[in-house]
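Structural characterization, general
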Amino acid sequence: MASLRSLAASTRALSRAAIRRTALPALTPIATRAYRQPTRDVMTGELIQLPDIDASLLKVEKNTKPKTRPPSSKLVFGHTFTDHMLTIPWSTATGWGTPEIKPYGPLELDPSSTVFHYAFTLFEGMKAYRQEDGTVRLFRPDKNMARMNKTFDGEQLTELIKKLVVLDSEWIPKEKGYSLYIRPTLIGTQNALGVGPSSDALLFVICSPVGPYYASGFKPVQLLATTKYVRAAPGGTGGYKLGANYAPGVVPQAEAAKEGYSQNLWLLGDEHMLTEVGTMNLFVAIEQPDGTVELVTPPLDDIVLPGVTRDSVLELARAHARGEQKIPGLPEKLKVTERKMVMKELTEAEKNGTLREVFGTGTAAIVSPVDKIGYEGRDIVIPTGPAGLGPIAKGVLDTIVGIQTGEIEHEWSVVANEPKTA
Ligand SMILES: Cc1ncc(COP(=O)(O)O)c(C=O)c1O
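Residues numbered from 1 in each chain as written. Predicted model: local features only at pLDDT ≥ 70, side-chain atom pairs only at ≥ 80, totals over all residues.

Per an unreviewed UniProt entry, the chain goes by the name Branched-chain-amino-acid aminotransferase and belongs to Papiliotrema laurentii. A UniProt comment under Sequence similarities (unreviewed entry) is attached to the chain, and it reads "Belongs to the class-IV pyridoxal-phosphate-dependent aminotransferase family." (UniProt positions renumbered as here; feature names shortened; annotations may be inferred.)

Next comes the structure, spelled out in structure tokens:
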């Protein structure tokens, strides 16, 4: 009985994607119920309501040996970490435990922990920005919480993340293009071998000051369209940020690099359907016979991650297309679609001279222009504009950066600290 209860509860804690892989089919309906709805024990029918994340219980242990902060110009993406981290334990028996902010440091885990054997790890990537006056802002944290979280109160975790980034706010470089990359991570920590839901988990958040992804201006990337490997398959976990989705991309990327390309363009199926680029969502702009430019991105399903930047680009471009909020550089006649696109359409657009832009979107780089796609033994050449960035990519990039840094007032930018009064 205890093990059935633990199965039911732990499946709630490691995301629907993990559930698909780990839960017994008979337990899936329980697992997909909203967490804060009380759940019934499968054997006794008894109501189970375990504690949710509670930011008011936060314990803070300040780091008495803060590190020397490197100059911003020396930062390498994801290599430097701030002085503190946030941890929150979870177990089937006790639910979410006490959140703690403590000095950044190694985790002590038993070698049998599920994370080490069966890739029980789910993560997020988001950013905080600091303005001249010390105001710290998060960009659309609700979206990251929604993507990560099927199980806990995302607002409570956001409150805790705010406390962490404000405590370490001196680490957020103020220079333009710099920010604090935030990495919330949920791992399975049950000490037992055997594939099954983990009865214990640890949620932790670490932060890394980062510079602009392209330090010396936007450099277009070259993609190798790959049919030899798939990033994600129908019915799989590609729509989630599960660690298990990422390691298999390393060999294909190394092979692309050997051929002189920086990223993979992930294709799927006999028709060579476009899905994503490297670890970014994909946008393609094609001009139609009447002069309208269609901005296309593949639809969300099992194989495409619901990117926060993707959603932001879609919302901004649609507002522009409706005439509600014009974005400089975007075509007057713009159509925005989420639809299937196959390589044949791309090669024909190149042949007809109607291919306008291709770019990837993601939290790290925001937008990443593409100037070349290696496909079936030759390169498809894509225009990128004078600064290495096409007009649509530049328009959405400038607008998103303006919102992230607080230069453009917008509800997507969430202030983490009390604004300083003069
Ligand atoms: C596979 C994949 N697609 C797309 C994205 C972009 O998502 P977001 O815009 O939320 O960073 C990411 C990265 O974070 C990713 O890993």
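Check the secondary structure of the chain and you find ten helices and 21 strands. Out of the 422 residues belonging to the chain, those deemed buried represent 44%. (Helix = DSSP H or I, 4+ residues; strand = E, 2+ residues; numbered from the N terminus. Buried ≥ 20, exposed ≤ 12 C-beta atoms within 10 Å, placed from the backbone.)

On to the UniProt feature "modified residue: N6-(pyridoxal phosphate)lysine" (unreviewed entry) in the chain, then. Per the UniProt record, "modified residue: N6-(pyridoxal phosphate)lysine" (unreviewed entry) is found at K241. Here K241 is to be found in the loop between β12 (221-226) and α7 (250-258). Residue classification places K241 among the buried residues on the basis of 25 C-beta atoms within 10 Å. Discounting residues that sit within four places of it in the chain, K241 has contacts with L122, F123, E124, R147 and L305. (Contact = placed C-beta atoms within 7 Å.)

This part is about the packing of helix α8 (residues 308-321) against helix α10 (residues 391-404). Between α8 and α10, the least distance of the axes is 10 Å, while the angle of their chain directions is 110°. Accordingly, the angle class assigned to the pair α8 and α10 is roughly perpendicular. In this structure, α8 contributes S312, V313, L316 and A317 to the contact, and α10 contributes V396, T399 and I400. Residue composition of the contact of α8 with α10, by class: five nonpolar, two polar and no charged. (Axes fitted to C-alpha atoms, helices over the stretch in contact; angles between N-to-C directions. Parallel < 35°, antiparallel > 145°, perpendicular 65-115°, else oblique. Nonpolar A, V, L, I, M, F, W, Y, C, P; charged D, E, K, R; others polar.)

Taking burial as the measure, the five residues of strand β14 (residues 273-277) include four buried ones, the bulk of the element. Direction of pairing for strand β13 (residues 263-268) relative to β14: antiparallel, over a ladder of four bridges. Looking across to β14, one finds that L267 is bridged to L274. With antiparallel pairing between neighbouring strands as the criterion, β13 and β14 make up a hairpin whose turn holds four residues, including G269 at a positive phi of roughly 80°. Summarising the sheet, β14 and strand β15 (residues 280-287) pair through two bridges and their orientation is antiparallel. Counted as the bridge partner of V277 is M280 from β15. Here β14 folds back onto β15 in antiparallel fashion, the turn holding two residues, of which G278 has a positive phi close to 55°. (Pairing = 2+ DSSP bridges.)

The local shell around the ligand holds 13 residues, among which G307, V308, T309, G362 and T363 are the closest. Per-element tally for the shell around the ligand: the top contributor is α8, with three residues. Considering only residue class, the shell around the ligand consists of three nonpolar, eight polar and two charged. (Near = placed C-beta within 6 Å.)

The next point concerns the environment of D301. Among the structural elements, D301 can be located in the loop between β16 (293-297) and α8. You can call D301 partly exposed: it has 14 C-beta atoms within 10 Å. Sequence spacing of D301 and G235 is 66 residues, and the spatial spacing of their C-alpha atoms is 9.0 Å.

With that settled, the discussion passes to the environment of S73. Mapped onto the secondary structure, S73 falls in the loop between β3 (59-60) and β4 (84-91). C-beta crowding within 10 Å serves as the criterion here: with 10 such atoms nearby, S73 is assigned to the exposed category.

Once that is clear, we can look at the packing of helix α5 (residues 141-148) against helix α6 (residues 154-167). Across the interface, α5 lies against α6 with an axial gap of 9 Å and an inter-helix angle of 125°. Taken together, the axis directions place α5 and α6 in an arrangement best described as oblique. Pair α5 / α6 crosses with right-handed handedness. Residues P141, D142, M145 and A146 of α5 lie in contact with α6, whose contacting residues are G154, L157, T158 and I161. Classifying every residue of the contact of α5 with α6 by side-chain character gives five nonpolar, two polar and one charged. (Left-handed = near helix turned anticlockwise from the far one by under 90°.)

Taken together, the five bridges between β16 and strand β17 (residues 334-338) define a ladder with parallel strand orientation. What sits directly across from L295, in β17, is V336. Between the parallel elements β16 and β17, the chain passes through α8 in a crossover that is right-handed. (Right-handed = clockwise from strand over helix to strand, strands pointing away.)

So, on to the confidence of the model for the chain. Looking at the chain as a whole, the pLDDT averages 89, with 88% of positions reaching at least 70. The model gives residues 1-35 a pLDDT under 50, and that stretch makes 70 contacts with residues more than four places away or in other chains. (pLDDT = per-residue confidence, 0-100.)

Turning to the environment of Y129, a few remarks are in order. Relative to the assigned elements, Y129 resides in strand β8 (residues 126-130). Between the C-alpha atom of Y129 and that of L180, which follows or precedes it by 51 residues, the distance is 6.4 Å. Contact partners of Y129, with chain neighbours within four places excluded, come to R137, I172, S179, Q404 and T405.

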